[in-house]
Amino acid sequence: MNNTKTNFKIRKEEIEEYFALIKVLNNDDISLEYTRLNGGISEKFCFSTKLKAIIRANAFLLLYNLMESTIRNSILEIYIKIKEERLGYEDLSNEIKKIWLKKKRNIIGFQDKDKSVDNLKEVINAIIDKEIIELTEGDINISGSIDAKKIRILSRKIGFTSPPNGSILEGVKHKRNHLAHGDQTFYHIGKSATYNDLNKQKESIFKYLEKVVEQIEVFIIEEKYKKTHLNAALL
């Protein structure tokens with residue numbers, strides 16, 4: 001999980017830098033004084049209420065970016081481990097088997113009745129030949145949809161334990177999507193977002209994601225992506 005943890009740390013630091021700016025701009029009377037290099041003329045720039053709101057709204061994009069990248073990278077660590085260990089279908093947990101089977105179904109399709117037998121044979125041969133299972137970033141369908149509910153769904157599909165609560169993620173997701181899809185302006189989103197509220201959301205999201213990373217790390221360390229004796233009995 002080193003790559004995930006490093007990426008998580010870098011993005012958290014970026015967010016902290018940005019929040020330091022928001023905190024400064026929280027003052028009512030704030031301006032920027034600067035000197036032009038070419039003419040040496042000192043000028044003053046005042047931050048309007050509208051601009052402050054726009055800057056606060058950008059915080060939702062940064063927070064959501066952290067949410068989505070952390071979950072994607074964490075799950076990708078599982079998939080990378082499976083490939084590195086050169087595991088085949090029979091080596092995997094029931095949950096991972098289902099994910100791979102759905103992937104194969106989407107790739108080769110079973111809609112055409114004339115080809116369905118050949119397609120089924122392809123899947124069977126892949127299992128018999130102990131084809132190394134490859135799941136990639138493209139198999140993690142989470143773009144624009146990450147919140148605690150989605151993480152719980154992913155945890156059930158993959159088999160790791162998801163932390164409780166996490167309701168704060170849903171609000172950030174919705175605001176990010178409104179901004180990304182152009183449904184609402186940055187000013188509209190940011191005007192009602194205070195620094196204190198944003199900071200509380202930031203800290204809650206940090207703590208929640210840290211727990212998710214911990215749970216997925218435990219999942220990998222305990223090799224729960226592999227077939228257990230219990231799983232074998234169910235086959």
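Source: prediction; values computed, not measured.

Here is what the cut-offs are and how they apply
Residues numbered from 1 in each chain as written. Predicted model: local features only at pLDDT ≥ 70, side-chain atom pairs only at ≥ 80, totals over all residues. Heavy atoms only, no water. Axes fitted to C-alpha atoms, helices over the stretch in contact; angles between N-to-C directions. Helix = DSSP H or I, 4+ residues; strand = E, 2+ residues; numbered from the N terminus. Parallel < 35°, antiparallel > 145°, perpendicular 65-115°, else oblique. Contact = heavy atoms within 4.5 Å. Nonpolar A, V, L, I, M, F, W, Y, C, P; charged D, E, K, R; others polar. Buried < 20%, exposed > 50% of the residue type's maximum accessible area, 1.4 Å probe, protein only. Pairing = 2+ DSSP bridges. Expected span 1.5 Å × (residues − 1). Core = buried A, V, L, I, M, F, W, Y, C linked by side-chain atoms within 4.5 Å. Patch = residues over 30% accessible without salt bridge, like charges linked within 9 Å, V, L, I, M, F, W, Y side chains within 5 Å. Areas by Shrake-Rupley, 256 points an atom, 1.4 Å probe, with all protein chains shown as cover. Salt bridge = Lys/Arg side-chain N within 4 Å of Asp/Glu carboxyl O. Lys, Arg positive; Asp, Glu negative; His and termini not counted. Charge placed at Lys NZ, Arg CZ, Asp CG, Glu CD. Phe/Tyr/Trp six-rings, centres within 6.5 Å; stacked < 30°, edge-to-face > 60°. Lys NZ or Arg CZ within 6 Å of the ring centre and 35° of its normal. 1 Å grid on protein atoms, 1.4 Å probe; cavity = no way out; pocket = protein on both sides within 12 Å on 5 of 7 lines; lining within 4 Å. Points joined across faces, edges and corners; volume = space filled by probe spheres on them.

1. Thoughts on the packing of helix 1 (residues 2-25) against helix 8 (residues 195-221)
Right, on to step 1. With their axes 11 Å apart at the nearest point, helix 1 and helix 8 run at an angle of 175° to one another. One way to sum up the angle between helix 1 and helix 8 is to call them roughly antiparallel. Counting all contacts with helix 1, which are made through Thr4, Lys5, Phe8, Lys12, Ile15, Glu16, Phe19, Ile22 and Lys23, the residues of helix 8 involved are Tyr195, Leu198, Asn199, Lys202, Glu203, Phe206, Leu209, Glu210, Val213 and Glu217.
Right, on to step 2. Of the residues belonging to the contact of helix 1 with helix 8, the class tally is nine nonpolar, two polar and eight charged.

2. Section: the pairing of strand 2 (residues 42-46)
Right, on to step 1. Judged by how many residues are buried, strand 2 sits mostly at the surface: zero of five residues are covered.
Right, on to step 2. Taken together, strand 1 (residues 31-35) and the strand that follows it, strand 2, pair antiparallel across an intervening segment of six residues, in which Gly40 is found at a positive phi of about 70°.

3. So, helix 2 (residues 49-84)
Right, on to step 1. Relative to the 52 Å expected for 36 residues at 1.5 Å per residue, helix 2 spans 53 Å between its end C-alpha atoms, a close match to the ideal helical length.
Right, on to step 2. Looking one or two residues past helix 2, Arg86 carries a phi angle of roughly 55°, positive in sign.

4. What to know about the pairing of strand 1
Residues in a regular strand project their side chains so that they alternate between the two faces of the sheet.
Right, on to step 1. In terms of strand pairing, strand 1 meets strand 2 through five bridges, oriented antiparallel. Considered in strand 2, the bridge of Ser31 is made with Cys46.

5. Thoughts on the nonpolar core
Right, on to step 1. Ranked by size, the top nonpolar core spans 57 residues in total, and within it Ile71, Ile78 and Ile158 carry the most contacts.
Right, on to step 2. Only helix 1, helix 2, helix 3 (94-108), helix 4 (113-128), helix 5 (148-158), helix 6 (168-180) and helix 8 provide two or more residues apiece to this core.
Right, on to step 3. The leading source of residues in this core is helix 2, at 14 residues.
Right, on to step 4. Aside from chain neighbours lying at most four places away, what touches Ile158 is Ile75, Ile78, Tyr79, Glu95, Ile96, Ile99 and Phe219.

6. A short note on a positive patch on the surface
Right, on to step 1. Taken together, the side chains of Lys98, Lys102, Arg105 and Lys157 present a region of like positive charge at the surface.
Right, on to step 2. Looking at the positive patch element by element, the count peaks at three residues for helix 3.
Right, on to step 3. Relative to the assigned elements, Lys157 resides in helix 5.

7. Describing a nonpolar patch on the surface
Right, on to step 1. There is a patch of nonpolar side chains on the surface, built from Leu32, Tyr34 and Phe45 and spanning about 260 Å² of accessible area.
Right, on to step 2. Looking at where Tyr34 falls in the secondary structure, it is placed in strand 1.
Right, on to step 3. By relative accessible area, Tyr34 is classed as partly exposed at 32%.

8. Comments concerning the packing of aromatic side chains
Right, on to step 1. What the rule picks out here adds up to three aromatic pairs.
Right, on to step 2. For the pair Phe45 and Phe47, a centre-to-centre distance of 5.2 Å together with 85° between the ring planes defines the contact as edge-to-face.
Right, on to step 3. On the basis of an interplanar angle of 50° and a centroid distance of 6.4 Å, the ring pair of Phe219 and Tyr225 is categorised as tilted.
Right, on to step 4. One cation-aromatic arrangement involves Lys12 over Phe206; the distance from NZ or CZ to the ring centre is 5.1 Å.
Right, on to step 5. The ring of Phe19 carries Lys202 above its face, with NZ or CZ at 5.4 Å from the centroid.

9. Side note on empty space enclosed by the protein
Right, on to step 1. All told, the structure shown has one cavity of 30 Å³ or more when counted by the stated rule.
Right, on to step 2. The computed volume of the largest cavity comes to approximately 40 Å³.
Right, on to step 3. Lining the largest cavity are Ile22, Leu25, Asn26, Lys52, Arg56 and Tyr195.
Right, on to step 4. Elements represented by at least two residues in the lining of the largest cavity include exactly helix 1 and helix 2.

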